[in-house]
Amino acid sequence: MNFQYTEKSLELQSRLKDFLKKQILPADEEVEAFDRDPANLWIKWPGLEKLKDAARKEGLWNLFLPRDYGDFSPGLTNLEYAPLAELMGRTRWASEVFNCSPPDTGNMEVLARYGSPEQQKKWLEPLLEGKIRSAFLMTEPEVASSDATNMETSIVPDQGDYLINGRKWWSSGAMDPNCKIAIVMGKTDFDAPRHQQHSMILVPMDTPGLQIIRPLSVFGYLDSPEGHAEIVLESVRVPKSNLILGEGKGFEIAQGRLGPGRIHHCMRLIGMAQRSLELMSARATSRSPFGRSLDTYSSIRQEISRSACEIEQARLLVLSAADRIDRVGSKSAKELISMIKIVVPAMAANVIDRAIQIMGGKGVSGDSPLAHFYAAARSLRLADGPDEVHLSQLGKSTIRKYGQAND
Ligand SMILES: Cc1cc2nc3c(=O)[nH]c(=O)nc-3n(C[C@H](O)[C@H](O)[C@H](O)COP(=O)(O)OP(=O)(O)OC[C@H]3O[C@@H](n4cnc5c(N)ncnc54)[C@H](O)[C@@H]3O)c2cc1C
């Protein structure tokens, strides 16, 4: 892999850094306080749209969409986009300013890649314009959802339409008042081979029968305004034209959705870890317990240097995965994609934990971003496939590759 970023990526990194410094980081504390205030539940911070307009005007918009998606794409490879995602990850809410936030990014990729012209016109265009937001409804409370073949929601033909019944939870983004469309995964054929039973279908959030039951919290955080919802789908009727790609294609779509999405998640986490490293270093030079500055204690230096090593290791691993996806596609980059999903959330949680410790009481309070960062990093050891699933898949393919050779 070539470790030199392209001119295009470097130029965007420089402009994005400048935008973050001037417009995002100065507002960080205000946004965090606004989003945590119960009086503002499910309401967007009023300054957000203005920042989105500014980002759009500066061409810092939809940067995530890979270059093979024609007209919709600003033309970046995964490797070119990865350092931009890292910069956005330095605050919890920056990605949305650039229309690069999950789950919209994954959903837009699905629609760009597999959507019909009609689906693209109706849902992809407003998503790309940042006018609406979306949710991805796969996980179900009643089944072990780390095995996606367990999903039981039914999508059955009925009088020329599809009728959907099921219960979903952890639907990120669904509490957002601007969330207008969901991609729902469910079964269209209960008797087909296991990986051909499921399909994905578009369900407008205002369809009768779709009911948000409650928001779920993550370590107590409601993550307003996007939230994570539990949703019941009861005799939800949508036209057949809402099906994406075709019956039984759910896993094919899921495969295509996941590769770049994991690069984005992991690079944002590296951005969080990097900011945590900077915060703990700054704190270490400004506090002096027992008559000496914290940064002169060997134990503190070790925590900081260990964190710097782990962040750089993880960064290089993710860039390597991004490069491989660009050169040979997500399927052939499968092992590296598993590796980053195993390594990065755990690394970020460890680094953030050290930063919390060095920060003292402030670290767990709302006066620093660390506690919320920790909740996000820790939950990504579960979301998008728990650690053990990736460890098991990677272990299996590694043993297949080397097992007999070492007999
Ligand atoms: C903050 C957050 C946001 C999320 N956002 C979304 C979203 O937008 N849309 C959506 O559909 N879902 C979302 N999820 C759900 C997430 O993807 C699931 O929680 C995850 O896939 C695990 O499914 P489960 O909770 O049913 O756990 P289960 O399948 O019940 O697994 C529980 C545990 O079993 C163990 N386990 C599982 N498989 C193995 C194995 N092969 N070997 C050993 N141990 C194993 C693991 O420790 C695992 O954590 C989100 C979750 C969180 C926490």
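All values reported here derive from a predicted model rather than from experimental measurement.

### Some words on the overall build of the protein
Within the protein one finds 13 helices and eight strands. For the C-alpha atoms alone, the extent of the protein along its principal axes is close to 80 × 65 × 45 Å. Classification of the 407 residues of the protein by burial places 54% in the buried group. Restricting to contacts in the protein with at least 6 residues of sequence separation, those with at least 24 account for 73%.

### Quick word on the environment of glutamate 303
Note on placement: glutamate 303 falls in helix H9 (residues 298-328). Put simply, glutamate 303 and methionine 280 are 23 residues apart on the chain and 9.5 Å apart in space, counted from C-alpha to C-alpha. What glutamate 303 contacts, discounting residues up to four positions off in sequence, is Arg354 and Ile358.

### Considering the layout of surface pockets
Counted as a void, the second largest pocket has a volume near 340 Å³. Taken together, 19 residues line the second largest pocket, and the ones lying closest to its centre are Glu29, Gly366, Asp367, Ser368 and Pro369. Sorting elements by how many residues they give to the lining of the second largest pocket places helix H2 (residues 28-36) first, with five residues. The class makeup of the residues in the lining of the second largest pocket is seven nonpolar, four polar and eight charged. The two domains that each donate at least three residues to the lining of the second largest pocket are domain 1 (7-128) and domain 3 (251-401).

### Regarding the site of the ligand
Neighbouring the ligand are 18 residues, the closest being Phe136, Thr139, Ser146, Trp170 and Ser172. At 2.8 Å, a backbone N or O of phenylalanine 136 approaches a nitrogen atom of the ligand. The separation between a nitrogen atom of the ligand and a polar side-chain atom of serine 172 is 2.8 Å. Calculation on the ligand without its partners gives an accessible area of 980 Å², and the protein chains cover 68% of this total. Broken down by secondary-structure element, the contributors of at least two residues to the shell around the ligand are strand E3 (161-172) and helix H13 (387-402).

### Points about the pattern of salt bridges
In the structure shown here, the tally under the stated rule is 33 salt bridges. Its salt-bridge partner being arginine 275, residue aspartate 28 comes within 3.2 Å of it at the nearest N-O pair. Separated by 247 residues along the polypeptide, aspartate 28 in helix H2 and arginine 275 in helix H8 (residues 250-286) bring together distant segments of the chain. Overall, the relative accessible area of 6% leaves aspartate 28 in the buried class. Among the ionic pairs, glutamate 310 bridges to arginine 354, the shortest N-O distance being 3.1 Å. Highlighted residues: glutamate 310 in helix H9 and arginine 354 in helix H10 (residues 334-359), separated in sequence by 44 residues.

### Examining the environment of valine 97
For valine 97, the location among the structural elements is in helix H5 (residues 94-97). With residues up to four places along the chain from it excluded, the contact list for valine 97 reads Phe19, Ile24, Leu48, Leu51, Lys52, Ala55 and Trp61.

### Details of the domain arrangement of the protein
Taken domain by domain, the protein comprises domain 1 (7-128), domain 2 (133-247) and domain 3 (251-401). The partner domain 2 presents 26 residues to the 20 residues of domain 1 that form the contact. For the pair domain 1 and domain 2, the summed buried surface comes to about 2,000 Å²; carbon and sulfur atoms form 61% of the total. There are three salt bridges connecting domain 1 and domain 2. Arginine 133 is paired through a salt bridge with aspartate 104; the nearest N and O atoms lie 2.5 Å apart. Linking domain 1 with domain 2 are 12 residue pairs in polar contact (both at pLDDT 80 or more), by the criterion used here. Elements represented by at least two residues in the side of domain 1 that touches domain 2 include exactly helix H6 (104-114) and helix H7 (117-128). Counting residues per element, the side of domain 1 that touches domain 2 draws most heavily on H6, which supplies five residues. Across the side of domain 1 that touches domain 2, the residue classes tally to 10 nonpolar, four polar and six charged.

### As for a positive patch on the surface
A cluster of basic side chains, namely Lys331, Lys334, Lys396 and Arg400, defines a positive patch on the protein surface. Structurally, lysine 334 can be placed in helix H10. A relative accessible area of 53% means that lysine 334 is categorised as exposed.

About the thresholds
Throughout, residues of each chain are indexed from 1 in the direction in which the sequence is written. Note on the predicted model: pLDDT of at least 70 is required for a residue's local features to be given, and 80 or more for side-chain atom pairs to be given and counted; whole-chain, interface and lining totals, by contrast, use all residues. Note that the side-chain values use all heavy atoms of the structure and ignore hydrogens as well as water. Secondary structure elements are defined from DSSP: runs of H or I of at least 4 residues count as helices, runs of E of at least 2 residues count as strands, and each element is numbered from the N terminus. Categorising residues by exposure relies on relative accessible area from a 1.4 Å probe, with only protein chains included: less than 20% of the type maximum marks a residue as buried, more than 50% marks it as exposed, and the intermediate range marks it as partly exposed. We call two residues in contact when some of their heavy atoms are within 4.5 Å. In this analysis, the protein atoms alone were mapped onto a 1 Å grid. Cavities are point sets where a 1.4 Å probe fits without being able to get out; pockets are open sets with protein on both sides within 12 Å along at least five of seven lines; lining residues have an atom within 4 Å of a point. Grid points are joined across faces, edges and corners, and a volume is the space filled by probe spheres set on the points. Throughout, the ten residues Ala, Val, Leu, Ile, Met, Phe, Trp, Tyr, Cys and Pro are labelled nonpolar, Asp, Glu, Lys and Arg are labelled charged, and all others, Gly among them, are labelled polar. As annotated, the domain borders come from an automatic or database domain assignment. Distances are taken per atom, and a residue is near a molecule or strand as soon as one of its heavy atoms is within 4 Å of it. In protein, a polar contact means a hydrogen-donor-capable atom and an acceptor-capable atom, both N or O and within 3.5 Å, with residues adjacent in sequence counting only if both atoms are side-chain atoms; elsewhere, any N or O pair within 3.5 Å suffices. We get accessible surface area from the Shrake-Rupley algorithm with a probe of 1.4 Å; when it comes to residues, only the shown protein chains can shield them. The salt bridge definition used is simple: a Lys or Arg side-chain nitrogen within 4 Å of an Asp or Glu carboxyl oxygen. The buried area of a pairing is the accessible area, by a 1.4 Å probe, that goes missing from both parts when the two are put together, added over both. Patch membership requires more than 30% relative accessible area and the absence of a salt bridge. Residues of like charge join within 9 Å; the nonpolar side chains Val, Leu, Ile, Met, Phe, Trp and Tyr join within 5 Å. In summary, the charge assignment counts Lys and Arg as positive and Asp and Glu as negative, without counting His or the chain termini. A charged residue contributes its charge at one atom only: NZ of Lys, CZ of Arg, CG of Asp or CD of Glu.

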